[in-house]
Amino acid sequence: MASKQTSIETKSLKSVTLDILTVMKILKHGRDAQPSIAAGMLLGVLKKGSVYINNSFPLPQTSEADASDHQERMIDCLSEVGVDDLPVGFYQVCNVSSAFTQDTATTLFTLQRAQPTVFIVYDPQQTMHGKLAIQAFRLSENAMRVMKSKSFSAAKLTASGVGFDSFFEELRVTVSMSIYAKAMMPLLTAELGDTELFDQFELTTQSFMERNVSQLVDNIDQLASFNQKYHKHKQESTRRETEERKRREDDGLPALSKEEMDAFVARAAPAPQHLNALLVNTQISSYCAQMSKFSSQSLGKLYLTQAIQPTPDQEE
């Protein structure tokens, strides 16, 4: 019964609500951990097709066993003091596109198979340009079926309907604030100087675009390398199939059926798995979408600053 309820909740999961204090914890963890990639666990409750995340804690950048022990100790301590201790996902502080890796997919599959789980990504580089870049993802239903089958051939991925743009499913993120936090906001804003207030109008785009283009080129190189391996595999498969047909003809043996020949070739020359290539395609698509959106926002800022610049007549 519990398994059935979990399955229903997973399918109906459509949004994520983050408490503002949890957001601040994630931002602080990312700032303190720079330039390393920070990661941590998310705690909360499940209610009416949504995940309410009201606490988090960082994970140590050590071995997987140490991180697991740390997670268990933290959950036990939070449970003793009456804090929500239900793990509902994990977060990473990195570029959103670089988070779509096979390790992330494997971890998310393991957690999501047991209960509804979300994956939060906080991008500090985009946040520096005036936008709080926090996104939530989970594996789609088709991706869960593919991960469960552990078969990542091109035919299997095509038959399952999983593509680079449908492997991860993005969820709507809402940031909630208590009435006390809302009451504090005018006081905190009043303490900000002109420099902090106008930092979000930063017009420099070179560093952000250069970094994303560099990572995009690296992903394209990875995809090109995979294509070369795949073409070599096809050539090797054709060669082995031809040799096997010729050998059976010379020995007077009956020809193999198509299914038997495919099984023989698969044993002799295993095909490369396409999951990593699919995720690299996901990263490439995400980098392109990021740069397109960032460029549009930058153009908007340029038009805004142009409108408040004095005209030649006003300067005179």
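Residues numbered from 1 in each chain as written. Predicted model: local features only at pLDDT ≥ 70, side-chain atom pairs only at ≥ 80, totals over all residues. Heavy atoms only, no water.

(A) Region of the structure containing a negative patch on the surface. Taken together, the side chains of Asp69, Glu72, Asp76 and Glu80 present a region of like negative charge at the surface. Mapping Glu72 onto the fold places it in helix H3 (residues 64-80). (Patch = residues over 30% accessible without salt bridge, like charges linked within 9 Å, V, L, I, M, F, W, Y side chains within 5 Å. Areas by Shrake-Rupley, 256 points an atom, 1.4 Å probe, with all protein chains shown as cover. Salt bridge = Lys/Arg side-chain N within 4 Å of Asp/Glu carboxyl O. Lys, Arg positive; Asp, Glu negative; His and termini not counted. Charge placed at Lys NZ, Arg CZ, Asp CG, Glu CD. Helix = DSSP H or I, 4+ residues; strand = E, 2+ residues; numbered from the N terminus.)

(B) Local environment of the pairing of strand E4 (residues 86-93). Taking burial as the measure, the 8 residues of E4 include 6 buried ones, the bulk of the element. The pairing of strand E2 (residues 38-47) with E4 spans 7 bridges and is classified as antiparallel. When the bridges of E4 are listed, Ala39 appears paired with Gln92. (Buried < 20%, exposed > 50% of the residue type's maximum accessible area, 1.4 Å probe, protein only. Pairing = 2+ DSSP bridges.)

(C) Broad picture of the sheet that holds strand E7 (residues 168-176). Reading around the circumference, E1-E3-E2-E4-E5-E6-E7 is the order of the 7 strands in this closed barrel, with mixed pairing throughout. Sheet twist, expressed as the mean angle between neighbouring strand axes with direction ignored, is 35 degrees. Running over the sheet, helix H4 (residues 102-114) touches E4, strand E5 (118-122), strand E6 (134-139) and E7 and is turned about 70 degrees from E6. (Axes fitted to C-alpha atoms, helices over the stretch in contact; angles between N-to-C directions. Contact = heavy atoms within 4.5 Å.)

(D) Summary view of the packing of H4 against helix H6 (residues 141-149). Contact pair H4 / H6: the axes reach a minimum separation of 10 Å and the direction vectors enclose 100 degrees. With respect to H6, the element H4 is oriented roughly perpendicular. Facing Ala105, Thr106, Phe109, Gln112 and Arg113 of H4, the residues of H6 in contact are Met144, Met147 and Lys148. A class-by-class count of the residues in the contact of H4 with H6 yields 4 nonpolar, 2 polar and 2 charged. (Parallel < 35°, antiparallel > 145°, perpendicular 65-115°, else oblique. Nonpolar A, V, L, I, M, F, W, Y, C, P; charged D, E, K, R; others polar.)

(E) Structural detail: a nonpolar patch on the surface. Where nonpolar side chains cluster on the molecular surface, the patch consists of Leu132, Val175, Met177 and Met185 and spans about 300 Å² of accessible area. Looking at the secondary structure, you find Met177 in the loop between E7 and helix H8 (179-190). Overall, the relative accessible area of 31% leaves Met177 in the partly exposed class.

(F) Local environment of the pattern of salt bridges. Inspection of every chain in the model, using the stated rule, returns 10 salt bridges. Glu241 serves as the salt-bridge partner of Arg245, at 2.9 Å between the closest nitrogen and oxygen. Of this pair, Arg245 and Glu241 are both found in helix H10 (residues 206-250), 4 residues apart, which corresponds to roughly one turn of the helix. You can call Arg245 partly exposed: its relative accessible area is 38%. Residue Arg248 pairs with Glu244 through a salt bridge whose shortest N-O separation is 3.6 Å.

(G) Structural detail: the nonpolar core. Ranked by size, the top nonpolar core spans 30 residues in total, and within it Leu139, Met147, Phe167 and Phe168 carry the most contacts. Contributions of two or more residues to this core are made by E2, H3, H4, E5, E6, H6 and helix H12 (275-308). Tallying contributions element by element places H6 first for this core, with 4 residues. When residues no more than four places from it in sequence are discounted, the contact partners of Met147 are Ala105, Thr106, Phe109, Leu139, Phe152, Phe167 and Leu275. Of all hydrophobic cores here, the second largest spans 19 residues; its members include Leu13, Val51, Ile53 and Leu171. (Core = buried A, V, L, I, M, F, W, Y, C linked by side-chain atoms within 4.5 Å.)

(H) Representation of the packing of aromatic side chains within the structure. If you walk through the whole model with that rule in mind, you get 4 aromatic pairs. Seen in terms of ring centroids, Phe100 and Phe168 are 4.9 Å apart; in terms of plane orientation they differ by 35 degrees. Their pairing is tilted. Taken together, the residues Phe100 in the loop between E4 and H4 and Phe168 in strand E7 connect sequence positions 68 residues apart. Each member of the pair, Phe100 as well as Phe168, carries the same accessibility label: buried. Following the ring pairs from residue to residue traces out a cluster consisting of Phe100, Phe137, Phe167 and Phe168. (Phe/Tyr/Trp six-rings, centres within 6.5 Å; stacked < 30°, edge-to-face > 60°.)

(I) Broad picture of the environment of His129. Residue placement: His129 occurs in the loop between helix H5 (124-127) and E6. Using a relative accessible area of 12% as the deciding quantity, one classes His129 as buried. As a C-alpha pair, His129 and Phe208 span 79 residues in sequence and 9.2 Å in three-dimensional space.

(J) Summary view of unusual backbone geometry. A positive phi is found at Lys150, a non-glycine position, where the angle reads about 60 degrees. Following the sequence through the fold, Lys150 ends up in the loop between H6 and helix H7 (154-160). Its relative accessible area of 67% is what places Lys150 among the exposed residues.

(K) Local environment of the environment of Arg172. Along the chain, Arg172 falls in strand E7. A relative accessible area of 54% means that Arg172 is categorised as exposed. With 122 residues separating them along the chain, Arg172 and Ser50 place their C-alpha atoms 9.6 Å apart.

So, to be careful, I would describe these as geometric facts and stop short of saying anything about function.
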